[in-house]
Protein chains: 2
Amino acid sequence: MPDTAHFLDRIFSPDHFSKEELALIRSQYTQVHFKKQDYLLREGRTAQHYWFVERGFIRSFAIDTRGNDISTNFYTTGNIAIDWPSFFLRSPTRENMQALTDCTCWQLGFERFQSLFHSIERFREQGRTTLVGSYFELKNRSISMIADPAKDRYKRLLEEKPHILQNVSLKQIATYLGITDTSLSRIRKELAQEQ
Amino acid sequence: MPDTAHFLDRIFSPDHFSKEELALIRSQYTQVHFKKQDYLLREGRTAQHYWFVERGFIRSFAIDTRGNDISTNFYTTGNIAIDWPSFFLRSPTRENMQALTDCTCWQLGFERFQSLFHSIERFREQGRTTLVGSYFELKNRSISMIADPAKDRYKRLLEEKPHILQNVSLKQIATYLGITDTSLSRIRKELAQEQ
DNA sequence: GAAAGCACTTGCCATAAGACAAGAAATAAT
DNA sequence: ATTATTTCTTGTCTTATGGCAAGTGCTTTC
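All values reported here derive from a predicted model rather than from experimental measurement.

Before going further, it helps to examine the environment of L177(B). All names here are of chain B. In this fold, L177 is placed in helix α7 (residues 170-177). Put simply, L177 and Q166 are 11 residues apart on the chain and 16 Å apart in space, counted from C-alpha to C-alpha. Beyond its immediate chain neighbours, meaning those up to four positions away, L177 contacts A150, R153, Y154, L157 and L184.

This next bit is on the protein's contact with DNA strand D. Residues in contact with DNA strand D amount to 16 residues; listed here are only the nearest, S169(A), L170(A), S185(A), A150(B) and S183(B). Mapped onto the surface near DNA strand D, the elements with two or more residues apiece are α7 (170-177) and α8 (181-194) of chain A together with α6 (150-160) and α8 (181-194) of chain B. For the surface near DNA strand D, the element with the most residues is α8(A), which contributes 6 residues. Looking at the surface near DNA strand D residue by residue, the class counts come to 4 nonpolar, 6 polar and 6 charged.

With that settled, consider the protein's contact with DNA strand C. The local shell around DNA strand C holds 16 residues, among which A150(A), S183(A), S169(B), L170(B) and S185(B) are the closest. Mapped onto the surface near DNA strand C, the elements with two or more residues apiece are α6 (150-160) and α8 of chain A together with α7 and α8 of chain B. Here the residues of the surface near DNA strand C sort into 4 nonpolar, 6 polar and 6 charged.

Bringing the sheet that holds strand β7 (residues 95-99) of chain B into the picture now. Residue and element names in this part refer to chain B. Strand order across the open sheet formed by 4 strands is β2-β7-β4-β5, with antiparallel pairing between neighbours. Pairing within the sheet leaves two strands with one partner each, and these edge strands are β2 (39-41) and β5 (69-75). The average angle at which neighbouring strand axes cross in this sheet is 30°, direction not considered. By the bridge criterion, 6 bridges tie strand β4 (residues 58-63) to β5 in an arrangement that is antiparallel. Looking across to β5, one finds that F61 is bridged to S71.

Each value, and the rule that gives it
- Residues numbered from 1 in each chain as written.
- Chains lettered and ligands numbered in written order.
- Predicted model: local features only at pLDDT ≥ 70, side-chain atom pairs only at ≥ 80, totals over all residues.
- Helix = DSSP H or I, 4+ residues; strand = E, 2+ residues; numbered from the N terminus.
- Contact = placed C-beta atoms within 7 Å.
- Near = placed C-beta within 6 Å.
- Nonpolar A, V, L, I, M, F, W, Y, C, P; charged D, E, K, R; others polar.
- Pairing = 2+ DSSP bridges.
- Axes fitted to C-alpha atoms, helices over the stretch in contact; angles between N-to-C directions.

Right under this line is the structure:
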């Protein structure tokens, strides 16, 4: 594999698209860089783009009625960072998206997305699959929030996204798990003692 | 409006589709009836259809690791009753879908959906919008589960889906809210005393 | 119409998690 | 380096919710 291998080949496999389709798709994405702390999206604005993350970490979060910051998701290499409702319903978002580290991403705007979506069958199949995958993840998280104790949710997060812990504060992890940083600290203590 | 107005006109507005498209779409849906307690979908199976509800109430639920039944959603007139991940990823579901009352629904299978999705641009736009709408609802529910106390979640459910309470046991509402029926009973008592 | 079953409530106690505040420890800023 | 700031831990107390069991009232069933 030469150095020239394009990151987007990882997202759009040459096995599934023709050379022409791949060229068209690639031509529509643009590489963008974010510095640590940069906002990709701010509450109240409408998402004009989405991003495939090539390098770095991103966090999305919402502010609840009492002004608390609640992490809703974390994104890293290979993930799609997108606010689905805002991007597709063309409506103001309730969420923020912020770079946790310097990032390299591949960006696509709405109009360009629409054009690819309606012209390339396989592109819309893949897009739908990605969206449904996000839905599935969210539903599992939602059920877990009801059915599993916080300690189990934390352990599962550790297994599924171990790299996240390197880049996120406990406070931010805690709100993602639906608990306070204090409680998370105690859970971590218990887990440490169990080993 | 004559009696012959088709229920599906409510879903696929004649304002947005040509006569031909509407005829094609209608021809693909079939009306089906479910008796109270009938299962539309069972855990472990793959969703072969989805339904638009014309009349009646449906509940979806998952069984957690300890064997508890957890309500994941309620559907009634005008709603789409679908397990998005199972239907689109063609994979076994973790959920069950069951009629709470006798129901009349309009059913569509996967192959027929695919054909409409790829041949009618507006159909796929609307389908995407519906899916994103479900995603949005689920995300709000998910954030609410973290940010709002159970009493608030219950009050909001009362406002947003008052008709559901007529057809669902408190036990089933409680698991939807992420609490036990005992706690819900106490919350209801408090609310009654506040008035 | 007695019996069985279901839905809901209530009481008592246990437990998980929150609120708040004070320290430690680590990081960043000057 | 020294301060300042943030992050994490810990203690004490409060609160929300769960678990279990008993009791009430409503249906369903035969």
